[in-house]
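Examination of the molecular architecture
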Amino acid sequence: MLTDDKESTREDRRFYECLDQFWHPVARVEDVGNGPHLVTLLERRLAIACIDECWIAFDDQCLHRGASLSLGEVDGSCLRCPYHGWAYNADGAVVEVPANPAVGANLTIGLGKYRCEVKHGLVWVSLNDNPVFEIPDFPHLDDPEFRVISCEPYEWECASVRRLENYVDFGHFAWVHDGFLGSRDKPEVGVHETWREDGALRCEATVIEPPSGKMKKHLRDLRDMITARNEYWISMPHSVLLDRHFEGGARYVLFMTASPIAPNRTRSFWFIGRNYAKEESADQEFLDFEWEILNQDQPIVESLEPGVIPSALGEEMYVKTADEITLGYRRWLTELSA
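Residues numbered from 1 in each chain as written. Predicted model: local features only at pLDDT ≥ 70, side-chain atom pairs only at ≥ 80, totals over all residues. Heavy atoms only, no water.

Section: the overall build of the protein
Scanning the protein for helices and strands turns up 9 helices and 18 strands. The C-alpha radius of gyration of the protein comes to 22 Å, within 12% of the 20 Å expected for a compact globule of 338 residues. Along the three orthogonal principal directions, the C-alpha set of the protein runs to about 75 × 55 × 35 Å. Across the 338 residues in the protein, those meeting the buried criterion constitute 52%. (Helix = DSSP H or I, 4+ residues; strand = E, 2+ residues; numbered from the N terminus. Rg over C-alpha atoms; globule rule 2.2 N^0.38 Å. Buried < 20%, exposed > 50% of the residue type's maximum accessible area, 1.4 Å probe, protein only.)

Pasting the structure below:
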């Protein structure tokens, strides 16, 4: 049982508090535009922008009077505050104080700056100068064999760890997604192996599921059940790549990466791709299917207690085989948060 003492509360936040050592997605490049753009990462408000082809992430607070820099503008090689026009270069240094230029010329202070890179069309930020792992790979994005869609991000009222675990929780498919990803007539989870490889937690599992939904009609399989071999790459802390192999060579991929806004709020960025039915007119059918799955998951994941996952494995119960990938993930996160 969890207790309410301060030590327990601190320990229960350990998984959350260790997240500042990783890369996290914070926005789609297309949503930033000319910038600056406000994002929140681990309860820290950041202004992100592209200055002279360099992506930057600053604390969203002008050093003068604390105005939000994300309300300002990119002015040439500078980020300019909307309140009094203070200008900061790509290093975060003050380069102009319009009200008194002499003051600006002598200031040596600068904004809090964080590592910022673009990959997969997403802006990634690390609050640590030396993040533990590289930004995860998504090789299918540039593979001409696949048609890949960048989907609209969504936010849930849940811990980021909970979001990741829901994605790879094999036991819930038959119950939450009955008729879509599983069947209550066949709720058993088969034996599957998990292992670590090249900075990712790997898993392969063969599943049998109903051919329901418009997404699956393109497989042209009219049998009662479809067999798929699922390959998972979980990149710490909150990214998962799923490559689904169907009979006949058809493949369907999902890439999801979650960003912790706060202890109990998470924003997810995601992509879907396939090497069949690649015509643009089919995109909405695939999107409709995935949104239906997400809408089934959201209220349940948001209801999970405690909101912040306890750091002691023994605080929650696990089912042999069915929760193997969850245990592997939590063990690794425990090591990284030690």
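A closer look at empty space enclosed by the protein
It is a probe the size of a water molecule, rolled over the atoms, that shows where empty space is left. With the rule as written, the count across this model stands at 3 cavities of 30 Å³ or more. Each pocket or cavity is described by its volume, and for the largest cavity that value is around 70 Å³. Every residue along the wall of the largest cavity is listed here: Phe15, Tyr16, Leu19, Ala159, Ser160, Val161, Pro263, Val308 and Ile309. Elements that contribute at least two residues to the lining of the largest cavity include exactly α2 (14-17) and α5 (160-167). Considered class by class, the residues forming the lining of the largest cavity number 8 nonpolar, 1 polar and no charged. The computed volume of the second largest cavity comes to approximately 50 Å³. Lining the second largest cavity are Trp23, His24, Pro25, Trp124, Pro136, Ser235, Met236, Pro237, His238, Ser239, Thr257 and Ala258. Elements with a minimum of two residues in the lining of the second largest cavity: β1 (23-28) and β17 (251-262). (1 Å grid on protein atoms, 1.4 Å probe; cavity = no way out; pocket = protein on both sides within 12 Å on 5 of 7 lines; lining within 4 Å. Points joined across faces, edges and corners; volume = space filled by probe spheres on them. Nonpolar A, V, L, I, M, F, W, Y, C, P; charged D, E, K, R; others polar.)

Digging into the pairing of strand β9 (residues 113-119)
Bridging between strand β4 (residues 54-59) and β9 involves 2 bridges; their strand directions are antiparallel. Each residue of the ladder has a partner; that of Phe58, found in β9, is Lys113. Here 5 bridges tie β9 to strand β10 (residues 122-126), and the two strands are oriented antiparallel to one another. The residue of β10 that forms the bridge with Cys116 is Val125. Taking the residues between adjacent antiparallel strands as the criterion, β9 and β10 are bridged by 2 residues, where His120 takes a positive phi near 60°. (Pairing = 2+ DSSP bridges.)

Here's the deal with the packing of α5 against helix α9 (residues 324-336)
Their axes nearest at 10 Å, the elements α5 and α9 cross at an angle of 150°. Looking at the two axes, α5 sits roughly antiparallel to α9. Note on packing geometry: the crossing formed by α5 with α9 is right-handed. Along its contact with α5, which presents Val161, Arg162, Leu164 and Glu165, the element α9 presents Thr326, Tyr329, Arg330 and Leu333. (Axes fitted to C-alpha atoms, helices over the stretch in contact; angles between N-to-C directions. Parallel < 35°, antiparallel > 145°, perpendicular 65-115°, else oblique. Left-handed = near helix turned anticlockwise from the far one by under 90°. Contact = heavy atoms within 4.5 Å.)

What about the environment of Val125?
If you trace the backbone, Val125 turns up in strand β10. Between the alpha carbons of Val125 and Pro25 there is a distance of 6.4 Å; along the sequence they are 100 residues apart.

Considering the sheet that holds β1
Spatially, β1-β10-β9-β4-β3-β2 is the arrangement adopted by the 6 strands of the open sheet, whose pairing is antiparallel. Looking at strand neighbours, the two that pair on one side only are β1 and β2 (37-41), the edges of this open sheet. Taken over all neighbouring pairs, the strand axes of this sheet differ in orientation by 35° on average, direction set aside.

Here we look at the layout of surface pockets
Taken as a whole, the largest pocket spans an internal volume of roughly 640 Å³. The set of elements that each furnish at least two residues to the lining of the largest pocket consists of α5, α6 (173-176), β14 (200-209), β15 (226-235), β16 (239-246), β17 and α8 (283-303).

Let's talk about the sheet that holds strand β8 (residues 94-96)
Each strand in a sheet pairs with another by means of backbone hydrogen bonds, the pair being arranged parallel or else antiparallel. Pairing is antiparallel in the open sheet, where 4 strands are placed in the order β5-β6-β7-β8. At either margin of the open sheet sits one strand with a lone partner, and together these are β5 (73-75) and β8. Bridge count between β5 and strand β6 (residues 78-80): 3 bridges; the pairing is antiparallel. Within the sheet, the bridge partner assigned to Val74 lies in β6 and is Leu79.

What about the environment of Ala99?
Counting through the fold element by element, Ala99 comes out in the loop between β8 and α4 (101-106). Judged by relative accessible area, which is 76%, Ala99 ranks as exposed.

So, the nonpolar core
In terms of nonpolar packing, the biggest core is built from 69 residues, with Ile48, Val125 and Ile272 touching the most fellow members. Counting residues per element, this core draws most heavily on α8, at 6 residues. The contact partners of Ile48, leaving out residues within four places of it in the chain, are Val26, Ala27, Val32, Pro36, His37, Val39, Ile56, Ala57, Val123 and Val125. Core analysis: the next-biggest nonpolar cluster, separate from the first, contains 16 residues, Ala47, Leu69, Cys81 and Val94 among them. (Core = buried A, V, L, I, M, F, W, Y, C linked by side-chain atoms within 4.5 Å.)

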